[in-house]
Amino acid sequence: VTLTLPRSARQPELEPGEAAGRPAAEGAAAHVLLVEDDEEVAALTRAMLDSLGFAVTHVASASGAMDALAGGAAFDIVFSDVMLPGGTSGLELARQLRQRRPELPVVLATGLVLAAAGARDEGFPLLLKPYRLEALSATLRDRVSRAVQGMTGLEVRCLDVTVAGLRHGWQQ
């Protein structure tokens, strides 16, 4: 049974002392390139990422993603749907980025189980739709942290993440 509810404009209530929109990493918010062709899914995902403290740039296709990356903006991670219009899938985009920008982490998302198998077989992290805020947060933060650690050789410890009263501490 699937129950679909309308999106709420109301922010979740926080416990006393909690800060909304915690930064994605210590010191600064990570910049996410969101690649999603469905406008409703993109709006919801952007709201989720915003609530987690990420800076977000949205494009609707793989070619839009490549243009944004070529435009000189600094992105810390790419979060892409697997099924995209224009002949290039999110998986193909991830492959291209692995070759051209191996330091840039890519996380894929899909609601199709068959599409998930290819991404996992090639070692790309994958979130199955519908994903929970906690899973989105943990996956993106882990990949950004690993990328920073890989570039600097330093271990990165991120802040505890508080989402709607649930504490999720994680470390690299």
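Everything discussed here concerns the structure shown above.
Residues numbered from 1 in each chain as written. Predicted model: local features only at pLDDT ≥ 70, side-chain atom pairs only at ≥ 80, totals over all residues. Heavy atoms only, no water.

1. Focus: the packing of helix α2 (residues 62-70) against helix α3 (residues 90-100)
In a packed pair of helices, the relevant descriptors are the angle between the two axes and the axis-to-axis distance.
1) Next: Interaxial distance between α2 and α3 falls to 10 Å at its minimum, and their mutual angle equals 25°. Here α2 is positioned roughly parallel relative to α3, judged by the angle of their axes. When you trace α2 past α3, the crossing you get is right-handed. When α2 is examined against α3, the residues A62, A65, M66 and L69 are found in contact with a partner set consisting of L93, Q96, L97 and R100.
2) Next: Taken together, the residues of the contact of α2 with α3 break down into six nonpolar, one polar and one charged. (Axes fitted to C-alpha atoms, helices over the stretch in contact; angles between N-to-C directions. Helix = DSSP H or I, 4+ residues; strand = E, 2+ residues; numbered from the N terminus. Parallel < 35°, antiparallel > 145°, perpendicular 65-115°, else oblique. Left-handed = near helix turned anticlockwise from the far one by under 90°. Contact = heavy atoms within 4.5 Å. Nonpolar A, V, L, I, M, F, W, Y, C, P; charged D, E, K, R; others polar.)

2. Comments concerning the nonpolar core
1) Next: Ranked by size, the top nonpolar core spans 24 residues in total, and within it L33, V35, L69, V78, L93, L97 and L108 carry the most contacts.
2) Next: At the level of secondary structure, the elements contributing two or more residues to this core comprise β1 (31-35), α2, α3, β4 (106-110) and α4 (113-121).
3) Next: Among the elements that line this core, the one with the most residues is α2, at five residues.
4) Next: Not counting the four nearest positions on each side in its chain, L93 is found in contact with V35, A62, A65, M66, S80 and T88.
5) Next: Judged by nonpolar contacts, the second largest core, of 18 residues, contains L34, L52, I77 and L133. (Core = buried A, V, L, I, M, F, W, Y, C linked by side-chain atoms within 4.5 Å. Buried < 20%, exposed > 50% of the residue type's maximum accessible area, 1.4 Å probe, protein only.)

3. Focus on the sheet that holds strand β2 (residues 55-59)
1) Next: Read from one edge to the other, the open sheet built from five strands follows the order β2-β1-β3-β4-β5, with strand pairing classed as parallel. Two strands lie at the open edges of the sheet, namely β2 and β5 (126-128), each paired on one side alone. Adjacent strand axes in the sheet meet at a mean angle of 20°, parallel and antiparallel pairs treated alike.
2) Next: Examined bridge by bridge, β4 and β5 share three bridges and lie parallel to one another. By the bridge assignment, L108 is partnered in β5 with L126.
3) Next: Sitting on the sheet, α2 touches β1 and β2, and the angle it makes with β1 is about 155°.
4) Next: Helix-sheet contacts for α4 involve β4 and β5, and the interaxial angle to β5 is about 160°. (Pairing = 2+ DSSP bridges.)

4. Considerations on the pattern of salt bridges
1) Next: Tallied over the entire structure, the rule returns seven salt bridges.
2) Next: For the salt bridge of E122 with R95, the shortest nitrogen-to-oxygen distance reads 2.5 Å. With E122 in the loop between α4 and β5 and R95 in helix α3, this residue pair connects regions lying 27 residues apart in the sequence.
3) Next: Of the residues examined, E122 reaches a relative accessible area of 28% and is grouped as partly exposed.
4) Next: Put simply, R101 and E103 hold a salt bridge, and the shortest N to O gap is 2.9 Å.
5) Next: One salt-bridge network, held together by shared partners, links E36, D81 and K129. (Salt bridge = Lys/Arg side-chain N within 4 Å of Asp/Glu carboxyl O.)

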